2 protein chains.
Amino acid sequence: MSGASARSSRDSVSPPVSFADRLIPRLRALGHPLCVGLDPHLASIPALFARGTMAPGDERTAEAVEALLGAVVDRVAGRVAVVKPQIAFFEQLGWRGMRALERLCERARRAGLLVLLDAKRGDIGSTAEGYAAAYLGAEAAIAADALTVNPYLGFDTLAPFVAAAKANGRGLFVLVKTSNPGSGDLQDREIEGEPLFGLVARGLAASAETLRGPETGWSSLGVVCGATWPEQGQRVREALPRALFLVPGYGAQGGSASAAVATFVPGPQGLEGGIVNSSRAIVFPEAAREIADARRWEQAIDAALDQAIDELGNAVRS
Amino acid sequence: MSGASARSSRDSVSPPVSFADRLIPRLRALGHPLCVGLDPHLASIPALFARGTMAPGDERTAEAVEALLGAVVDRVAGRVAVVKPQIAFFEQLGWRGMRALERLCERARRAGLLVLLDAKRGDIGSTAEGYAAAYLGAEAAIAADALTVNPYLGFDTLAPFVAAAKANGRGLFVLVKTSNPGSGDLQDREIEGEPLFGLVARGLAASAETLRGPETGWSSLGVVCGATWPEQGQRVREALPRALFLVPGYGAQGGSASAAVATFVPGPQGLEGGIVNSSRAIVFPEAAREIADARRWEQAIDAALDQAIDELGNAVRS
């Protein structure tokens, strides 16, 4: 009796909706997979938002970063599904930077955006649990909807992130094939006829299966796979047919829109299966550098956003 | 003329002493390679230091962590050369945790300790520069003497850390063979007859050479190589004869003192060439759990410290 009543009271609380099942319907509705990267390079912050000396040690610098990225969040809300803060640039500002990041994540989520925190964390056992609690926990200090993680330490070290994602409706994106020129140093080396990145992808298959969303079938275990390497991406897609791809390298890093969506597959509204990140091209468009007028800065951001949305929207429709 | 005067004025400012040349003389003077890991597992914090609910979201939790680890720093100052805060446990407490870490690092350095920040960072290009500036920069927000980094993204991504270490007399420890059971998933896989961790070690050789200290000959580019894998450690030592080893896995993780120093080589005061980390056994000794008296807590920490120093001191003398 008490078992039945416990069960029925549990049934009345809905389990959290998976990250993939929250992301994919938004991407379908918007018609494009653009993710806006929030990488506050201090040297690029326009005069409109600058405060104090803009040195990392100046406490007003974190305010400037928060002002700029808060304004970007407001501009992109409703037009993209997800933003990706790069935590390194916040860490560079010490605890004030982390406080700015915390507030920025809250602001983005209040504006209806999903937050993918690009932190590339990875550590053993109880330390990985600490990171999972920090960013994917039910009471995370800096609440993200998803987190990037590094697999070098071994698959056992990913388990705490998988568990937190499953329990709390969050996602993780495992580094598989990164966009930088030196990514081949280790990732492309052949192990029994297969590159290391392929072995990583295959090793994720079982966890990816356990994180598949009941609504869309897409997994909340995703992979990072650079737009600069479309052929390698195909191999990863074969190993992980329902994993979401986070594709960096589009725009500033030289990958085209069609290369960026090369691993996507047909869905009800066009090609789908991941998100394509653009950071500098949206947040620091050439035309916005010297602008001191808020309305003209907004127009420059909007124009950069329009262009990326058009390019990527066309790529998933064609 | 102006060139000569610029040179002479530059000569009058001493270049920073390398991390290795600061660490090794201290280790020789102390006669043991113990590094005390500062991993504030919230569930283990003694009642003596607890504040509030001790939940990660409670703002008093960071105060409790700072109080405990500040007291540990005061106990170990003068008895060990280096402490290793594990940043995950601070990140779990949000920006207040990072502020506690910042203060703790300052306190440790004021007490004459070197700070090795265990953050296992790694990212591409300008982002790696951000991390290097955050922790190894001349004006780092959270100033560490050395940082752990992850090589999965490729050797190009380590260059900003090497450059910052060289410019500012700091060190880095690259993950090569980690202490966890699953470390073999990727690190042990054979590539043309050589395990991946061996390929990583060989790939670091040139950078290790550029970071050799003029006084001791030891390199400020170190490696992480678990005490649980002494044979693999030998292979790494052969590839990197003058790299410092950060050896985790001694004590709580089951590695013996002699296994922990298996990669060390004879020096003027016994075996040398790295540091051996112990975290839980020192910071949370069994006997200190239920203690509510400050003097008795100090005695428990001292006893744990004595035991580790004795064991490791014997291991490097024998």
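For the structure, see preceding data.
Thresholds, definitions, all that
- Residues numbered from 1 in each chain as written.
- Chains lettered and ligands numbered in written order.
- Predicted model: local features only at pLDDT ≥ 70, side-chain atom pairs only at ≥ 80, totals over all residues.
- Helix = DSSP H or I, 4+ residues; strand = E, 2+ residues; numbered from the N terminus.
- Buried ≥ 20, exposed ≤ 12 C-beta atoms within 10 Å, placed from the backbone.
- Contact = placed C-beta atoms within 7 Å.
- Nonpolar A, V, L, I, M, F, W, Y, C, P; charged D, E, K, R; others polar.
- Axes fitted to C-alpha atoms, helices over the stretch in contact; angles between N-to-C directions.
- Parallel < 35°, antiparallel > 145°, perpendicular 65-115°, else oblique.
- Left-handed = near helix turned anticlockwise from the far one by under 90°.
- Least-squares fit on C-alpha atoms with pLDDT ≥ 70 in both.
- Pairing = 2+ DSSP bridges.
- Expected span 1.5 Å × (residues − 1).
- Right-handed = clockwise from strand over helix to strand, strands pointing away.

### Notes on the overall build of chain A
Right, on to step 1. Counting its regular elements, chain A contains 14 helices and 12 strands.
Right, on to step 2. Taken across its 318 residues, chain A has 59% of its residues classed as buried.
Right, on to step 3. Taking the intrachain contacts of chain A between residues at least 6 apart in sequence as the baseline, contacts between residues at least 24 apart amount to 71%.

### Notes on the interface of chain B and chain A
Put simply, an interface is often sized by how much accessible area is lost when its parts join up.
Right, on to step 1. Counting residues at the interface gives 54 residues for chain B and 54 residues for chain A.
Right, on to step 2. Listing elements by their share of the side of chain B that touches chain A, those giving two or more residues are α4 (87-91), α5 (94-110), α6 (125-136), α8 (184-187), β6 (190-191) and α9 (196-203) of chain B.
Right, on to step 3. For the side of chain B that touches chain A, the leading source of residues is α6 of chain B, giving seven residues.
Right, on to step 4. In terms of residue class, the side of chain B that touches chain A is made up of 24 nonpolar, 20 polar and 10 charged.

### Here's the deal with the packing of helix α3 (residues 59-76) of chain A against helix α14 (residues 294-317) of chain A
All names here are of chain A.
Right, on to step 1. Two numbers describe how α3 lies on α14: the axes approach to 10 Å, and their chain directions differ by 55 degrees. Comparing the axis directions of α3 and α14 gives the class oblique. Where α3 crosses over α14, the two elements pack in a sense that is right-handed. Contact residues: α3 offers Val72, Arg75 and Val76, while α14 offers Glu298, Ile301, Asp302 and Leu305.

### Digging into the relation of the copies chain B and chain A
Right, on to step 1. When chain B is fitted to chain A, the residual RMSD is 0.0 Å, and the transformation amounts to a turn of 180 degrees plus an axial shift of 0.0 Å. Taken together, the rotation angle and the small translation identify this as a two-fold axis.
Right, on to step 2. Most of the interface of chain B is mirrored in chain A: 100% of its interface residues are interface residues there too.

### Quick look at unusual backbone geometry
Right, on to step 1. Despite not being glycine, Met54 of chain A shows a phi value in the positive range, around 65 degrees.
Right, on to step 2. Among the secondary structure elements, Met54 of chain A is positioned in the loop between β1 (34-38) and α3.
Right, on to step 3. Located in the positive-phi region is Lys120 of chain B, a residue other than glycine, with phi close to 45 degrees.
Right, on to step 4. With respect to the secondary-structure elements, Lys120 of chain B resides in strand β3 (residues 114-121).

### So, the sheet that holds strand β2 (residues 82-85) of chain A
All names here are of chain A.
Right, on to step 1. Taken together, the eight strands give a closed barrel; going around it, the order is β1-β2-β3-β4-β5-β8-β9-β12, and neighbouring strands pair in parallel fashion. Shown here is a sheet whose adjacent strand axes are inclined to one another by a mean of 30 degrees, direction ignored.
Right, on to step 2. By the bridge criterion, three bridges tie strand β3 (residues 114-121) to strand β4 (residues 146-149) in an arrangement that is parallel. Paired with Leu116 across the bridge in β4 is Ala146.

### Side note on the sheet that holds strand β5 (residues 171-177) of chain B
Hydrogen bonds between backbone groups are what pair the strands of a sheet, and the pairing can be parallel or antiparallel.
All names here are of chain B.
Right, on to step 1. Taken in spatial order, the eight strands close into a barrel running β1-β2-β3-β4-β5-β8-β9-β12, and their pairing is parallel. Neighbour-to-neighbour, the strand axes of the sheet open up by a mean angle of 30 degrees, direction not taken into account.
Right, on to step 2. Sheet topology places strand β2 (residues 82-85) next to β3; two bridges connect them, and they run parallel. For Val82, the partnering residue across the bridge sits in β3 and is Leu114.
Right, on to step 3. The strands touched by helix α2 (residues 19-30) are β2, β3, β4 (146-149), β5, β8 (219-225) and β9 (243-247); relative to β8, the strand with the most contacts, the crossing angle is about 70 degrees.
Right, on to step 4. Against the sheet, α5 contacts β2 and β3, and its axis sits at roughly 175 degrees relative to β2.

### Side note on the pairing of strand β12 (residues 274-278) of chain A
Residues and elements named next belong to chain A.
Right, on to step 1. The element β12 is largely enclosed, with a buried count of five among its five residues.
Right, on to step 2. Across the two faces of β12 the burial is the same, with Gly274, Val276 and Ser278 and Ile275 and Asn277 all buried.
Right, on to step 3. Sheet analysis places β1 next to β12, joined by three bridges and oriented parallel. When the sheet's bridge partners are listed, Val36 is paired in β12 with Ser278.
Right, on to step 4. In this structure, strand β9 (residues 243-247) lies alongside β12, joined through three bridges in parallel fashion. Bridging across to β12, Phe245 finds its partner in Gly274.

### Considerations on the environment of Gln232 of chain B
All names here are of chain B.
Right, on to step 1. Note on placement: Gln232 falls in helix α11 (residues 230-239).
Right, on to step 2. Separated by 180 residues in sequence, Gln232 and Gly52 place their C-alpha atoms 45 Å apart.
Right, on to step 3. For Gln232, the contacting residues outside a window of four places in its chain are Lys177 and Phe197.

### Comments concerning helix α3 (residues 59-76) of chain B
Residue and element names in this part refer to chain B.
Right, on to step 1. With 18 residues, α3 should cover 26 Å at 1.5 Å per step; its first-to-last C-alpha distance of 27 Å lies within 8% of that length.
Right, on to step 2. For α3, the full list of buried residues reads Thr61, Ala62, Ala64, Val65, Glu66, Leu68, Leu69, Val72, Val73 and Val76.
Right, on to step 3. Those residues of α3 hidden inside the fold are in contact with β1 (34-38), β2, α5, α13 (280-283) and α14 (294-317).
Right, on to step 4. Directly after α3, the chain includes Gly78, whose backbone phi takes a positive value near 85 degrees.

### A look at the pairing of β5 of chain B
Residues and elements named next belong to chain B.
Right, on to step 1. In terms of residue burial, β5 counts as a mostly covered element, since seven of its seven residues are buried.
Right, on to step 2. For the segment spanning β4, helix α7 (residues 159-168) and β5, crossover handedness is right-handed.
Right, on to step 3. Looking at chain direction, β5 and β8 are connected through five bridges and run parallel. The partner of Lys177 across the bridge, within β8, is Cys225.

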